[in-house]
Amino acid sequence: MRSLLNTLYKLLLWPHVLLYLKSANKTDIDKDLTRWATAKNIQKSNTGLLLHFLAVSPDFRTLFYYRTRSFTSHILNLYCRKQNNFTIDVTTKLAGGTLTGHPYCTILNANSIGENFYVNHLVTVGEVNGKRPTIGNNVSIYTGAIVIGDITIGNNVQIGAGTVVVKSVPDNCVVVGNPGRILTPNAKKN
């Protein structure tokens, strides 16, 4: 019975597929789908992945609606709800390959965020006096971290849980603490 209901629900999601196919951000959505599929170890076509993640993941829906902002997205959100406590500011430039880990009460308000971004719950990326961070590629921000102000986070950076970052961070670093400090160079190169 559950399988039948899931199949029926996925039929209701087909307008999302049309929105995806017509989206100017289709390339970024494809990168998101690939990253999510790799993380969840799922192998399907992009359309199959889209239907699957829309059916089971409100945080993926939030990301999808951000990428396909339109009147149609607002209508689709009426029956396929995004996660209401995960906010991506409409002026944030968010590259493809974004992956979330239960982004409950997470706010992303940056100038730009690079490719292969990972974010956990209770994270705030925000502004101070109207100035916002710029975040590079392959950055991971873990639970409860705060990244604010007119700063730059380099490529291949990991920001630990509970870290408060108010100063720029160079490439290939791990940052921890309050205030944030560089713990060690990040050995992982992407």
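For clarity, every value in this text was computed on a predicted model and none was experimentally measured.

Trainee: Quick rundown of the sheet that holds strand E7 (residues 124-126)? Include the residues and the values.
Mentor: As summarised here, the arrangement of the five strands in space is E1-E4-E7-E10-E13, forming an open sheet in which the pairing is parallel. Strands with a single pairing partner mark the edges of an open sheet, and in this sheet they are strand E1 (86-88) and strand E13 (164-165). Two elements, E7 and strand E10 (residues 146-148), share three bridges in a ladder whose sense is parallel. Within E10, the residue paired with Val 125 across the bridge is Val 147.

Trainee: Could you give me a rundown of the side chain of Asp 30, with the residues and numbers involved?
Mentor: As for its position among the elements, Asp 30 is in helix H3 (residues 26-40). There is a polar contact of 2.4 Å between the side chain of Asp 30 and the side chain of Tyr 20. Ignoring anything within four residues of it in the chain, the contact list for Asp 30 reads Tyr 20 and Asn 46.

Trainee: How would you explain the environment of Val 125 if you had to name every residue and give the values?
Mentor: Within the element layout of this structure, Val 125 appears in strand E7. Residues Val 125 and Thr 106 lie 19 residues apart in sequence; the distance between their C-alpha atoms is 8.2 Å. When near neighbours in sequence (up to four residues on either side) are disregarded, Val 125 contacts Ile 107, Leu 108, Asn 109, Ala 110, Pro 133, Ile 135, Ile 141 and Val 147.

Trainee: Now, about the packing of H3 against helix H5 (residues 58-67): what can you tell me, with residues and values included?
Mentor: Orientation of H3 relative to H5, taken along the N-to-C sense of each, is 165°, at an axis distance of 10 Å. Considered as vectors, H3 and H5 are oriented roughly antiparallel to each other. Pair H3 / H5 crosses with right-handed handedness. Between H3 and H5, the residues in contact are Asp 28, Ile 29, Asp 32, Leu 33 and Trp 36 and Asp 59, Phe 60, Leu 63, Phe 64 and Arg 67, respectively. Here the contact of H3 with H5 is built from residues that sort into six nonpolar, no polar and four charged.

Rules of the game
- Residues numbered from 1 in each chain as written.
- Predicted model: local features only at pLDDT ≥ 70, side-chain atom pairs only at ≥ 80, totals over all residues.
- Heavy atoms only, no water.
- Pairing = 2+ DSSP bridges.
- Helix = DSSP H or I, 4+ residues; strand = E, 2+ residues; numbered from the N terminus.
- Polar contact = N/O pair within 3.5 Å; in protein donor to acceptor, adjacent residues only side chain to side chain.
- Contact = heavy atoms within 4.5 Å.
- Axes fitted to C-alpha atoms, helices over the stretch in contact; angles between N-to-C directions.
- Parallel < 35°, antiparallel > 145°, perpendicular 65-115°, else oblique.
- Left-handed = near helix turned anticlockwise from the far one by under 90°.
- Nonpolar A, V, L, I, M, F, W, Y, C, P; charged D, E, K, R; others polar.

Worth remembering: the numbers are spatial, not functional.
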